[in-house]
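Given next are the chains, with one letter for each unit.
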Amino acid sequence: MKFMKLGSRPDTFYTNDSVRSVSSEVSSDVMIQVKGTRYLLHKFPLLSKCLRLQKLCSEAPESSQHQIIQLPDFPGGIEAFEICAKFCYGITITLSAYNIVSARCAAEYLQMNEDVEKGNLMYKLEIFLNSCVLQGWKDSVVALHSTKGLPLWAEDLGITSRCIEAIASKVLSNPSKSNLSHSYSRRGRDDTLSCNGAESHRSKHVSKGWWAEDVAELGIDLYWRTMIAIKSRGKVPSNLIGDALRIYASRWLPNISKRLYAEKQVETDHGSDSVNELTSKHRLLLESIISLLPVDRSAVSCGFLLKLLKAANILKASSSSKMELARRVGIQLEEATVGDLLIPNMSHTQETQYDVDIVITILEQFMLQGQSPPTSPPRAKGGFQRQRSRSAENIDFEFQESRRSSSASHSSKLKVAKLVDGYLQVVAREANLPLSKFLQIAEALPGFARLDHDDLYRAIDIYLKGHLELNKTERKLLCRVLDCKKLSMEACTHAAQNELLPLRVVVQVLFFEQARAAMHGGQVTNLPENIKALLASHNDSSRPLGSLVTSKTLRADDQWSMSGLRTPNSNISTLKMKLAENEELDDNYANGIEKSPKFNPICALPNRPKRMFSKLWSINRHGSEKG
């Protein structure tokens, strides 16, 4: 911290009966009132250096003892006035970055310029400000911070812009490391510089982003202007800009939900005006941070963006700010966690605890990132190879890069699919979550993104248990996103006994479970009671139905051949025909196209299982011929 001392006389100001006076053998002849404080002073030292006081004294009426001058709008208050008054009396004053701004504004107000006297206060303050204060890092930050008390005066005198330019130039000179950090000095280091900017022998280099903590002490208006000045040069890495924004947000937006809860309590007791004003300030701060976010993807983490999005929901930020955050989150969604996506819903029109609409928007933005490149480069016609040109090599290079991009995009979709299924398991417990929104989230990703459907099945099971009012059509609609072929053995076992699932889904689960068991020589899970009753009501024989398979191993000849399916005693065929009668499988469940009333039991099976039957039948037939 730099200091400047002016004057040599000792301080002789004193207070008596709420009046400030100066000890002198000469009686006072002027009374100046500043912000409710009265000063009994002398015209001669004051008028010799203050042009404004000269004009006011000439206009003020003469009195018998003291001429009274009112200064109600004096900038900087009584502290700044006493600096100017003591300078006129030659009393020692100490100037630093903490009081230079108020002293400079006060001197401007009193017109203490060179026209009145050479070497006047305004001239000395400008010399100190430009040659010392603005040359040091800490002093520049402190001086800029002090301008918030006199924003209009500091702006008119160019002090604010000069401080911002000084700060930006120091950051730009070495954005990663510096020995000028104010925050570093607060940790016990001495960063004092001499007036010409020479480094103190005790100063040490600090870590990356050395300037972020100091700048975070500024109010949002000054901070925004400072960050714009830093960003405009394009020399500071975007990740450092992102770190600085994260530090600032953690400084001014901590526990925003708890704070607003406390504010609501205050609103109940004292009215809503103060709460609305505080919320507006937070909203302005948040939207300013959003406007400063760097373009680069790696500049800020996805978790930080989602924290900003939560704050935006709580503070009811503008829709454009929310959309910008949703777009940014969509670009790097694979970095998020389920907890990050649990954004509180502040809308009065929706009764769900979490905002699922914003998650749907994020997923839409995620799917808009990148386009699938061609699966293979074009091949030359004919059996000969041609001489490769430089342009062809460039094309191949671009193709390889696009393949790498495609691979990264595919990998991110796999990660996001796991994230979405975990998110669905949480929001599925919401009693007021519409089926349409559950499906919209589940179907947002392509089919290849889910290598298995176990997590999706758990989410569907949770939704069914929490929404028992769903009818048969709605349960079918819910389960259409489930691919039974991608269920593990454990999930199949659970699904086969899940009475909340539509019978069609249970049949598909049992079918693929039997297919797996047949391949590995295992035993198949017993049928649930509802399917046993369905089969028993349609079975001609009165024998009890224990399981689909009576032996531990299955023979392809009688269980999985086409002839076995056509046999009236086949359980699978019987079950399919019964489902065709009872559940009207010829409706628009699959593709919305109405089918013929004559329903073939084989057609009731999904496309891929039917192809599986064809392969098994073909294998069986060829085996019989060879035998």
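This structure is a prediction, so every number in the text was calculated from the model and none was measured. (Residues numbered from 1 in each chain as written. Predicted model: local features only at pLDDT ≥ 70, side-chain atom pairs only at ≥ 80, totals over all residues. Heavy atoms only, no water.)

### Things to note about the pattern of salt bridges
This is how it is decided: The salt bridge definition used is simple: a Lys or Arg side-chain nitrogen within 4 Å of an Asp or Glu carboxyl oxygen. Each helix is a run of H or I in the DSSP string that is no shorter than four residues. Each strand is a run of E no shorter than two, and both are numbered from the N terminus. Partly exposed residues are those whose accessible area sits between 20% and 50% of the maximum for their type, while under 20% is buried and over 50% is exposed, using a 1.4 Å probe and protein chains only.
Tallied over the entire structure, the rule returns 20 salt bridges. A salt bridge links K86 to D11; the nearest nitrogen and oxygen atoms lie 2.9 Å apart. A residue pair is termed long-range when its members are at least 10 positions apart, and K86 in helix α3 (residues 77–89) and D11 in the loop between β1 (4–6) and β2 (13–16) qualify at 75 residues. Looking at K86, the relative accessible area reads 13%, which means it is buried. In this structure, the salt-bridge partner of K418 is D455, at a minimum N-O distance of 2.8 Å. Residue K418 is located in helix α19 (residues 390–427), and its partner D455 is located in helix α21 (residues 454–466); the two are separated by 37 residues in the primary sequence. Accessibility expressed as a relative area gives 16% for D455, which makes it buried. Through salt bridges with shared partners, one network takes in D11, R20, E82 and K86.

### Topic: the nonpolar core
What counts is decided by this rule: Here, nonpolar core refers to any group of buried Ala, Val, Leu, Ile, Met, Phe, Trp, Tyr and Cys residues whose side-chain atoms link them within 4.5 Å. We call two residues in contact when some of their heavy atoms are within 4.5 Å.
Counting residues in each nonpolar core, the largest one holds 157 residues, and the members touching the most others are I32, L41, M112, W211, Y223 and L333. For this core, the element with the most residues is helix α15 (residues 302–315), which contributes nine residues. Not counting chain neighbours up to four residues away, the residues in contact with Y223 comprise V215, A216, L218, A244, L245, Y248 and L292.

### As for the pairing of strand β3 (residues 19–22)
The criterion, for reference: Between any two strands, at least two bridges found by DSSP are needed for them to pair.
Here β3 shows a buried face lined by V19 and S21 and a second buried face lined by R20 and V22. In the sheet, β2 pairs with β3 via four bridges, with the strands oriented antiparallel. Pairing of F13 across the sheet is with V22, part of β3. Turn length for the β2-β3 hairpin, with the two strands adjacent in sequence and antiparallel, is two residues, and the turn residue D17 shows positive phi of about 55 degrees.

### A few points about unusual backbone geometry
At D17, a position not held by glycine, the phi torsion is positive, near 55 degrees. Within the secondary structure layout, D17 lies in the loop between β2 and β3. Even without being glycine, S18 reaches a positive phi, approximately 65 degrees. Along the chain, the position of S18 falls in the loop between β2 and β3.

### Some thoughts on the confidence of the model for the protein
The condition is simple: On a scale of 0 to 100, pLDDT captures the predictor's confidence in every residue.
On average, residues of the protein score 77 in pLDDT, and 68% of them are at 70 or above. Averaged pLDDT values for the elements of the protein fall to 32 in helix α26 (residues 556–560) and rise to 98 in helix α4 (residues 100–109). Considering only residues more than four positions removed or in separate chains, one finds that residues 184–207, a stretch of pLDDT under 50, has 40 contacts.

### Quick look at the pairing of strand β4 (residues 30–34)
A large share of β4 lies buried, amounting to four of its five residues. Where β4 and strand β5 (residues 37–41) come together, five bridges link them in antiparallel fashion. Bridging across to β5, V30 finds its partner in L41. Here β4 folds back onto β5 in antiparallel fashion, the turn holding two residues, of which K35 has a positive phi close to 50 degrees. Of the pairings in the sheet, the one linking β4 to strand β6 (residues 67–71) comprises five bridges and is parallel in character. Within the sheet, the bridge partner assigned to V34 lies in β6 and is L71.

### Quick notes on the packing of helix α18 (residues 356–367) against helix α20 (residues 435–442)
Basically, it comes down to this: Here an angle of 0 to 180 degrees is reported between the N-to-C directions of two axes, which are lines fitted to C-alpha atoms, with helices fitted over the stretch in contact. Working rule for angles: under 35 degrees goes down as roughly parallel, over 145 as roughly antiparallel, 65 to 115 as roughly perpendicular, anything else as oblique. Left-handed describes a crossing whose near helix is turned anticlockwise from the far helix by less than a right angle; the clockwise case is right-handed. Gly is put with the polar residues, along with every residue not named as nonpolar or charged; the nonpolar set is Ala, Val, Leu, Ile, Met, Phe, Trp, Tyr, Cys and Pro, and the charged set is Asp, Glu, Lys and Arg.
For the pair α18 and α20, interaxial distance at closest approach is 10 Å and the crossing angle is 25 degrees. The angle between α18 and α20 falls in the class roughly parallel. In the packing of α18 onto α20, the handedness of the crossing is left-handed. Touching V356, D357, I360, L363 and E364 of α18 are K437, Q440 and I441, all from α20. Along the lines of polarity and charge, the residues of the contact of α18 with α20 split into four nonpolar, one polar and three charged.

### Some points on the sheet that holds β3
Pairing is mixed across the open sheet formed by five strands, whose spatial order is β2-β3-β5-β4-β6. The open sheet is flanked by β2 and β6, the only strands paired with a single partner. Ignoring which end each strand starts from, the neighbouring axes of this sheet average 25 degrees apart. The sheet contact formed by β3 and β5 spans three bridges and is parallel. The partner of V19 across the bridge, within β5, is R38. Each of β4 and β6 is contacted by helix α2 (residues 51–59), which is oriented at about 125 degrees to β6, the strand it contacts most.

### Observations concerning the environment of D461
Summarising the element assignment, D461 is placed in helix α21. Residue class for D461 comes out buried when judged on its relative accessible area of 7%. For the pair D461 and A495, spaced 34 residues apart in the sequence, the C-alpha separation amounts to 8.8 Å. If sequence neighbours within four positions are ignored, D461 has contacts with H494 and N498.

### Re the packing of α20 against helix α22 (residues 472–479)
Put simply, α20 and α22 touch, their axes get as near as 10 Å, and they point 15 degrees apart. Classified by the interaxial angle, the pair formed by α20 and α22 is roughly parallel. Crossing of α20 over α22 shows left-handed handedness. Mapping the contact onto sequence places L435, F438 and L439 in α20 and E474, L477 and L478 in α22. Per-class residue counts for the contact of α20 with α22 are five nonpolar, no polar and one charged.

### Some points on the state of the cysteines
Quick note on the threshold: To count as a disulfide, a pair of cysteine sulfur atoms needs to be within 2.5 Å.
Scanning the entire structure with this criterion turns up zero disulfides. With no disulfide of its own, C484 has C492 as its nearest cysteine by sulfur position, at a separation of 7.1 Å. Classification of C484 as buried rests on a relative accessible area of 2%.

### Digging into the side chain of H467
Test applied: Identification of polar contacts relies on pairs of N or O atoms within 3.5 Å, with a donor-acceptor requirement for protein atoms, meaning one able to donate a hydrogen and the other able to accept it, and with residues adjacent in sequence counted only if both atoms are side-chain atoms.
Assignment of secondary structure puts H467 in the loop between α21 and α22. Classification of H467 by relative accessible area gives buried; the value is 2%. Polar side-chain contacts of H467 include one of 2.8 Å to the backbone oxygen of Y463. Excluding residues that lie within four positions of it along the chain, H467 makes contacts with A428, E430, A431 and L433.

### Side note on the packing of aromatic side chains
Stated precisely, the cut-off is as follows: Centres within 6.5 Å are what make two rings of Phe, Tyr or Trp a pair, Trp counting through its six-membered ring; a difference in plane orientation under 30 degrees is then read as stacked, over 60 as edge-to-face, and the rest as tilted. Consider the ring centre and the ring normal. A charge sits over the ring if Lys NZ or Arg CZ is within 6 Å of that centre and within 35 degrees of that normal.
In this structure the tally under the stated criterion is 10 aromatic pairs. Site record: aromatic cluster; members linked through ring pairs are Y39, F74, F81, Y109 and W153. Just above the ring of Y109 sits the side chain of R52; from NZ or CZ to the centre is 4.1 Å. Here the guanidinium or amino end of K86 rests over the ring plane of F13, the centre of that ring lying 5.7 Å away.

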